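# Structural features, examined
Letter by letter, the chains look like this.
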Amino acid sequence: MGLIARVVEWVFGGGRNVLRDTAEVFVENAEAGAVREQARAAAAMAQFGAEFTPVAPGPRGRFDRLMDAINRLPRPLMALGCLGLFVAAMVDPVWFAARMQGIALVPEPLWWLLGVIVSFYFGARHQMKGQEFQRAMAESLRRSAAFVPRTEAPIIIEDNAALMDWQRQRDAP
């Protein structure tokens with residue numbers, strides 16, 4: 001009995017576990033790995049948030065608000081203008097045909113130039129608004145408790161009517 005007690009004490013005694021320590025040489029400790037992964041993810045999110053956080057997010061000036069209002073006009077004006085063309089064609093077809101003949105005389109390179117200008121305008125606006133959205137998301141993530149590790153709370157069935165109904169149906173004969 002003394003020999004077995006000494007072997008067990010040697011393996012598990014002294015506040016350490018030789019079997020566990022030996023196994024961790026070959027297989028990662030899942031709990032420690034999860035802690036490292038959570039710290040890595042939190043650091044990555046913090047860096048991402050820092051990259052998209054505005055340096056000085058002061059209030060927008062009168063000029064910025066005016067330019068934003070002007071920038072919102074082209075799309076609705078183009079849509080309403082297309083509808084206006086249909087109305088003009090129905091109201092006065094001769095007048096409309098004369099205008100369309102004028103448009104047909106516009107050289108093709110000018111149409112390409114118009115296409116490039118409109119594409120760059122809307123593309124730049126789309127990119128700017130996308131970056132503003134990413135900044136706002138990063139700021140809200142930074143402010144929220146998204147970086148705090150969450151623990152899984154047990155599901156309390158009494159608080160969830162759908163789970164209670166499902167459990168009743170499952171337990172019914």
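Scroll up to find the structure this text is about.
Calculation notes
Residues numbered from 1 in each chain as written. Predicted model: local features only at pLDDT ≥ 70, side-chain atom pairs only at ≥ 80, totals over all residues. Heavy atoms only, no water. Helix = DSSP H or I, 4+ residues; strand = E, 2+ residues; numbered from the N terminus. Areas by Shrake-Rupley, 256 points an atom, 1.4 Å probe, with all protein chains shown as cover. Salt bridge = Lys/Arg side-chain N within 4 Å of Asp/Glu carboxyl O. Buried < 20%, exposed > 50% of the residue type's maximum accessible area, 1.4 Å probe, protein only. Axes fitted to C-alpha atoms, helices over the stretch in contact; angles between N-to-C directions. Parallel < 35°, antiparallel > 145°, perpendicular 65-115°, else oblique. Contact = heavy atoms within 4.5 Å. Nonpolar A, V, L, I, M, F, W, Y, C, P; charged D, E, K, R; others polar. Patch = residues over 30% accessible without salt bridge, like charges linked within 9 Å, V, L, I, M, F, W, Y side chains within 5 Å.

Helix and strand counts for the protein stand at eight helices and zero strands. The helix and strand sequence of the protein, counted from the amino end, reads α-α-α-α-α-α-α-α. As displayed, the protein has an accessible area near 14,900 Å², and 68% of this comes from carbon and sulfur atoms.

Let's shift gears to the pattern of salt bridges. Enumeration according to the criterion identifies seven salt bridges in this entry. Note that K129 and E132 form a salt bridge whose closest N and O atoms lie 3.6 Å from each other. In this pair, K129 and E132 are both assigned in helix 7 (residues 108-143), three residues apart and thus about one turn of the helix distant. The class for E132 is partly exposed, based on a relative accessible area of 31%. Between D171 and R170 there is a salt bridge, and its shortest N-O distance comes to 3.8 Å. Here D171 matches R170 in class, with each residue exposed. Each of D68, R72, K129 and E132 takes part in one network of salt bridges that share partners.

This brings us to the packing of helix 5 (residues 74-91) against helix 6 (residues 93-104). Running from amino to carboxyl end, helix 5 crosses helix 6 at an angle of 125 degrees, the nearest separation of the two axes being 5 Å. It follows that helix 5 is oblique to helix 6 by the angle criterion. On the side of helix 5, the interface is formed by L85, A88, A89, M90 and V91, while helix 6 contributes P93, W95, F96 and M100.

Take the packing of helix 5 against helix 7 next. Axis angle and axis distance: for two packed helices, these are the angle between their axes and the distance between the axes, and together they describe the pair. Helix 7 packs onto helix 5 with a crossing angle of 135 degrees between their chain directions and a minimal axis gap of 12 Å. For the element pair helix 5 / helix 7, the angle class is oblique. On helix 7, the residues touching P74, R75 and M78 of helix 5 are Y121, F122 and R125. When its residues are assigned to classes, the contact of helix 5 with helix 7 shows four nonpolar, no polar and two charged.

All right, on to the side chain of D68 then. Assignment of secondary structure puts D68 in helix 4 (residues 62-71). Classification of D68 as buried rests on a relative accessible area of 12%. If sequence neighbours within four positions are ignored, D68 has contacts with R60, R125 and K129.

On the surface, a cluster of nonpolar side chains totalling about 760 Å² of accessible area is made up of M78, I103, V106, L110, W111, L113, L114, I117 and V118. By residue number, the principal contributor to the nonpolar patch is helix 7, which donates six residues. Along the chain, the position of V106 falls in the loop between helix 6 and helix 7.

Purely geometric numbers; function is a separate question.
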